[in-house]
There are 2 protein chains.
Amino acid sequence: MKKLINNPDTVVTDALAGLAAAHPSLAVDAENKVILRAGGPRPGKVGLVSGGGSGHEPLHGGFVGYGMLDAACPGEVFTSPVPDQMLLATKAVNGGAGVLHIVKNYTGDVLNFQMAAELAEDEGIDVVPVVINDDVAVEDSLYTAGRRGTGATVFAEKIAGALAEEGADLAAVAAVAREVNERSRSFGVALSPCTIPAAGKPTFELADTEVELGIGIHGEPGRTRAPMAPASELAAVALDAIGADLPVDGDLLVMVNGMGGTPLIELYALFSEVSQYVRARGGRITRSLVGNYITSLEMQGFSVTVCRLSGALARLWDAPVETPALRWGR
Amino acid sequence: MKKLINNPDTVVTDALAGLAAAHPSLAVDAENKVILRAGGPRPGKVGLVSGGGSGHEPLHGGFVGYGMLDAACPGEVFTSPVPDQMLLATKAVNGGAGVLHIVKNYTGDVLNFQMAAELAEDEGIDVVPVVINDDVAVEDSLYTAGRRGTGATVFAEKIAGALAEEGADLAAVAAVAREVNERSRSFGVALSPCTIPAAGKPTFELADTEVELGIGIHGEPGRTRAPMAPASELAAVALDAIGADLPVDGDLLVMVNGMGGTPLIELYALFSEVSQYVRARGGRITRSLVGNYITSLEMQGFSVTVCRLSGALARLWDAPVETPALRWGR
């Protein structure tokens, strides 16, 4: 497996140096592995902090900026960041109105964010955590008790970030993040494995004729393996699983997300299938994202995330955002 | 090779259906394979049309919108679109001020755009073509007489699109596109081949220990094969080749582009190397893009494009743009 890196041990810090060089709107602390909005904390604004293992880019660092996150803490590849990173980020973004932690439901992330929150509370900072657990594929898994957190994280960061930018208080910002999570479901499919740089071999093996249904973003197993099928059938598998848990009717925000190695032409072909499926069931996709937003290194495959919009959520989704990976309307 | 498609014969039209469903700002004619800005031609504005084989997404359809292209014509995968598509697009975007054709230097594209221009002229539409040939890797190649057109196409579409949006005339818009091409150079490196859906097998073979230096965006051969090397060395190979043709000092716009299958964490690690290389030679990267912009299906690898900015070009680069793949500042 060839990687465009210098050294498996420095890939995260090397990428952080690149992020810093490319985006003057960010203040990147490469040594402590914290990505901040430049310009210090915003007085009176609720701060938003997220984080998790690296290898899922642009999540989370690519979502730091106006109208979204105030800070992101990247761990090593597929490894939770440590409480010190989260504490440092929490203190750095605290503008006196408290800090929201957006936490994907993986055991390490949840424990470490919890410890960081307690340390921050000891220093007089109000912290509220919201745990994202939108992945319907499996209950419990290699890294998780309960459902895993995946694509809804992007939606929660955007929508809660917009509300915080408007000056809402910590309780309201946390409530809207929770609401996004409750209204969102995801399901992923892998066509190939990926390789953690430090490991040097694929996280799993998959035959040329097979796909893994319900894959996790670390290559952890899903529901089952199945024969490779056309895009229309794979879209239906994902949406059947989502629809069994949450009706896919009404106004919807839908993300067709690439796992990192799937070309955009295929993601758009899949989005067409998703769109037809939803329309046939009374849904209207009024907002969408198609591209690589929460990835699994160079894995080939996709995930679909559906969020049932309210008018308020749609307005917050549309609000201006200015980050490396999402940018519009300002 | 697994593909997220329904059928190799319908992948382009299926993707166009997805593009249409995801982006209400576009008017997609899937039957004739033309992607237009919704709302018809802009009276008095120079129209911008580009096009080329599919498989390079988001190029060109992802760059249709305010401040960039008025239309894109996608061919079949790695195959030039036909003159009828280009003629249809040219007529559809003509607001009376003439139409610029931005053409990547591949023999089929150049001939077909030339034929379309002649047909449009017969109907009374002024057409000026600008041919992009920024790739320093090879003179002449499998698909090209002279140098190939690659990453500078994105820059030319953005900058000429901004000038057209301001109301400049056809000669001025063509001149700035030409200037961008003259001030830009590119070089690409492949870590893996890609597979055309209809062919079903990789376009070339590459050993686990090798890279192809100077790769084309259709997998056509570059300068040479070399042993796999760290990101710092691969960045230096690309920039040495560029720098031998154009000094990389002064204010620069730099794109580190993924070929489709390379994760963003690796592209940022590479951008860090590019940034250090340029700084050591007196260059300042004042504008940048890091991500998948002109791809080669699921190929793993990258290209670097450098444009020597003037104040005027920087201002046009910064101007508002609103397309599926580039969006800021409006």
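Residues numbered from 1 in each chain as written. Chains lettered and ligands numbered in written order. Predicted model: local features only at pLDDT ≥ 70, side-chain atom pairs only at ≥ 80, totals over all residues. Heavy atoms only, no water.

1. Quick notes on the interface of chain B and chain A
Contacts between the two partners involve 58 residues from chain B and, on the opposite side, 58 residues from chain A. Together chain B and chain A conceal approximately 4,500 Å² of surface at their shared face, both sides included; 62% is due to carbon and sulfur atoms. Linking chain B with chain A are two salt bridges. For B:Glu266, the salt bridge goes to A:Lys3, with nearest N and O atoms at 3.9 Å. Looking at the side of chain B that touches chain A, the elements with two or more residues in it are helix H1 (11-22), helix H6 (231-243), helix H7 (264-280), strand E11 (283-291) and strand E14 (327-328) of chain B. The biggest single contributor to the side of chain B that touches chain A is H7(B), with 11 residues. In the side of chain B that touches chain A, the residues fall into 32 nonpolar, 15 polar and 11 charged. (Contact = heavy atoms within 4.5 Å. Buried area = accessible area lost by both parts, 1.4 Å probe. Salt bridge = Lys/Arg side-chain N within 4 Å of Asp/Glu carboxyl O. Helix = DSSP H or I, 4+ residues; strand = E, 2+ residues; numbered from the N terminus. Nonpolar A, V, L, I, M, F, W, Y, C, P; charged D, E, K, R; others polar.)

2. Concerning the domain arrangement of chain A
All names here are of chain A. What the domain assignment lists for chain A is domain 1 (12-182) and domain 2 (184-320). Each partner contributes to the interface: domain 1 provides 38 residues, whereas domain 2 provides 40 residues. When residues of domain 1 are sorted by the area they lose upon contact with domain 2, Phe78, Val136 and Phe155 head the list and together hold 21% of the total. Across the domain 1-domain 2 interface, the total number found is three salt bridges. Close ionic contact of Arg315 with Glu166 constitutes a salt bridge, the shortest N to O distance being 2.8 Å. For the side of domain 1 that touches domain 2, the elements supplying multiple residues, two or more each, are helix H4 (152-165) and helix H5 (170-182). Sort the elements by how many residues they give to the side of domain 1 that touches domain 2 and H4 lands first, with seven residues. (Domains from an automatic or database assignment.)

3. Describing the relation of the copies chain B and chain A
When chain B is brought onto chain A, the operation consists of a screw motion whose angular component is 180° and whose axial shift is 0.0 Å, with 0.0 Å RMSD remaining. In the structure described here, the two chain copies are related by an operation that fits a two-fold rotation axis. When each C-alpha of chain B is compared by its distance to the rotation axis, B:Gly261 comes out closest, at 2.0 Å. A symmetric contact is evident, with 100% of the interface residues of chain B recurring at the interface of chain A. (Least-squares fit on C-alpha atoms with pLDDT ≥ 70 in both.)

4. Side note on the pairing of strand E8 (residues 210-213) of chain B
Where strand E7 (residues 184-190) of chain B meets E8(B), two bridges bridge the pair, whose relative direction is antiparallel. Considered in E8(B), the bridge of B:Val189 is made with B:Leu213. (Pairing = 2+ DSSP bridges.)

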